[in-house]
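Working through the structure, step by step
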Amino acid sequence: MFSRAHAWSLRHQAAAGASVIRPPSPPRRRPIQPLPMPLEGTTISPLAGLFEYPELIPHVLAEFEQPKDLAVLCRVSKAFDWLVRRRLYDHIWIRPWEENCHYKLVLLFESLSKSPHLCRLVKRLDVRFFPLSAKGDDRYDLDDQVKVAISSMVNLEHLIWTRDKSLRPEIVEEVARLPRLRTLEISGHAYRYYTPRLLGSMSALQDLRFMMPDTTVRDSLVHIARELGERANGGLRGLGLICRDSPIITDELVKALSKHLSRLRRLTLWGCSRVTKTSVYQILEAAEDLEELSIDALPHSGMLDLSGAPELPNLHSFSLSITPPHRTPVQLQTADLPLLPRDLNLSSLHINLSSAIAHLPVGGVEHLTSQVDFGRLKRLSLLNIVVAAQQLSALIDAAPHLDELYISTNGKQALIDCSELTGRPLRIFHVIAPEKWGPTADDLAELAGRLPEVEQIGTGNRVYEVFRKEGGDVELARWGRTVVPGYFQVWRG
């Protein structure tokens, strides 16, 4: 993940040096529907009848997504207020790339700490930003508000809190007491900040993900897994350890963890430089019902060849990051491509070349399609592995039921020449290409016209929402929805 971000940054800087001007995004035009005429002989709008049938209100609310619109709807009526508040506070987030994130976070927790009834509506909380610049009384007041708010979130099911150095012991203590928390993604910098062993006492926890774990977290992992495994409802269903080329997580630790992961369904191991396939195989043998697997195939790990892995009959999602060969220039050969576990029935396949860009070798498509039944794939991602027009055509022909496609090309010509794209039932299509030769917004609009079901299309770090007009014309607008686009979710594995 980190190497991909670094590679993208270098490409972006090179493009900026070449003075390549990005095309502006077309404005998003909202259709203006006229209000119906009043009922005959009255001044009452026919819309007033909506309040006589409250079961219709959820269908109306389904057309609104932006929090600011939902806040306005709260003032329509008492029936609207109750239903909209439940939706408005069901999922709340603070993301560092959004405007005024510092102000939003402070105001949010100030409001929640004073309103326990609103806290009880929260089911998903996503905090990726925290104002570490706050000092003295301001920081203590904010921490107290966070503690009070979280202690009242008795219905919270999913929590992401990945901002380094933002957690305090009393906050994690409240998190550990939450009775319904099933998914936790947390900063792994625990030394002098919190006690990770507390997480072993959580009654409902199923998925645990540490970002950049330190030695304190490492020394607590086996204890956490053992404590959770001894619960009546069983141990972890998901485990993620995300490092940045760190030697902290070792084979010995992974083998010790495998004894307590028999019910595991989802496993992610990124950047763990001391982990080899020997210990990973031990987890795969213990977790017979594994459904999702995401790993790094570092050169010394042996994970480029997984043909001898235990049988994984339930695995439906597989993500593999491979290291480029030590050649100058970097050129992939068929022998550099991974050997996947046997008899896979995948619906999602993601292969990424870390920290480099190289062409898919001749015979690369056949190498992949001979190991995986592409006819079952719904999602395919090949990042930093450049495909030519003929290879793209072969991939699309082999996977006729794709719903999401993320692909790397040398330029837009490969897309224009690919007639097999026309009429495909893709919902999301994203292209990674050099800024100078990649598709423009007009090119993407033309592609969207050839893909009748596409809703989301993009190139590089630009994502567009597709709008279709009467007559078949297509218009693109910059992504404005609250849902994170599919491309950036692929990056997270």
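Above this text you will find the structure in question.
Please read these numbers as outputs of a predicted model, since none were measured by experiment. (Residues numbered from 1 in each chain as written. Predicted model: local features only at pLDDT ≥ 70, side-chain atom pairs only at ≥ 80, totals over all residues. Heavy atoms only, no water.)

Remarks on the overall build of the protein chain
When helices and strands are counted, the protein chain shows 16 helices and 17 strands. For 493 residues, the compact-globule estimate of 2.2 N^0.38 gives 23 Å, and the protein chain sits close to it at 25 Å. Referenced to the eigenvectors of the C-alpha coordinate spread, the extents of the protein chain come out at roughly 80 × 60 × 45 Å. Out of the 493 residues in the protein chain, the part that is buried amounts to 49%. Restricting the contact set of the protein chain to residue pairs at least 6 apart, pairs at least 24 apart contribute 71%. For the protein chain, the exposed surface amounts to about 24,100 Å²; the carbon and sulfur share of it is 52%. (Helix = DSSP H or I, 4+ residues; strand = E, 2+ residues; numbered from the N terminus. Rg over C-alpha atoms; globule rule 2.2 N^0.38 Å. Buried < 20%, exposed > 50% of the residue type's maximum accessible area, 1.4 Å probe, protein only. Contact = heavy atoms within 4.5 Å. Areas by Shrake-Rupley, 256 points an atom, 1.4 Å probe, with all protein chains shown as cover.)

Observations regarding the pattern of salt bridges
Summed over all chains, the structure comprises 22 salt bridges. Glutamate 98 is the partner of arginine 95 in a salt bridge, and the nearest nitrogen-oxygen pair spans 3.8 Å. Given a relative accessible area of 6%, arginine 95 falls into the buried group. Overlapping salt bridges bring together Arg379, Asp403, Glu404 and Arg427 as one network. (Salt bridge = Lys/Arg side-chain N within 4 Å of Asp/Glu carboxyl O.)

Comments concerning helix α15 (residues 441-450)
Buried within α15 we find Ala441, Asp443, Leu444, Leu447, Ala448 and Arg450. Projected down its long axis, α15 shows its buried positions confined to an angular sector of 165°, all on one face. Buried residues along α15 sit in contact with α14 (413-416), β14 (428-432), β15 (456-459), β16 (462-468) and β17 (474-478). (Arc of directions from axis to C-beta.)

Observations regarding the pairing of strand β9 (residues 317-322)
With six of its six residues buried, β9 lies for the most part within the structure. Along β9, one buried face is formed by Ser317, Ser319 and Ser321 and the opposite face, lined by Phe318, Leu320 and Ile322, is buried too. Pairing of strand β8 (residues 292-297) with β9 involves six bridges; the strand directions are parallel. Bridge pairing in β9 places glutamate 292 opposite serine 317. One ladder, built from six bridges, connects β9 with strand β10 (residues 348-353); its direction is parallel. If you follow leucine 320 over to β10, its bridge partner there is isoleucine 351. (Pairing = 2+ DSSP bridges.)

A closer look at the packing of aromatic side chains
The final tally for this structure, using the stated rule, is three aromatic pairs. An angle of 50° between the planes, with centres 6.2 Å apart, marks the rings of phenylalanine 109 and tryptophan 161 as tilted. Taken together, the residues span a long stretch of sequence, with phenylalanine 109 in helix α5 (residues 101-113) and tryptophan 161 in strand β3 (residues 158-161) at a distance of 52 residues. A network of ring pairs unites the aromatic residues Phe109, Phe130 and Trp161 as a single cluster. The cationic tip of arginine 209 hangs over the ring face of tryptophan 270; the distance from NZ or CZ to the ring centre is 5.9 Å. (Phe/Tyr/Trp six-rings, centres within 6.5 Å; stacked < 30°, edge-to-face > 60°. Lys NZ or Arg CZ within 6 Å of the ring centre and 35° of its normal.)

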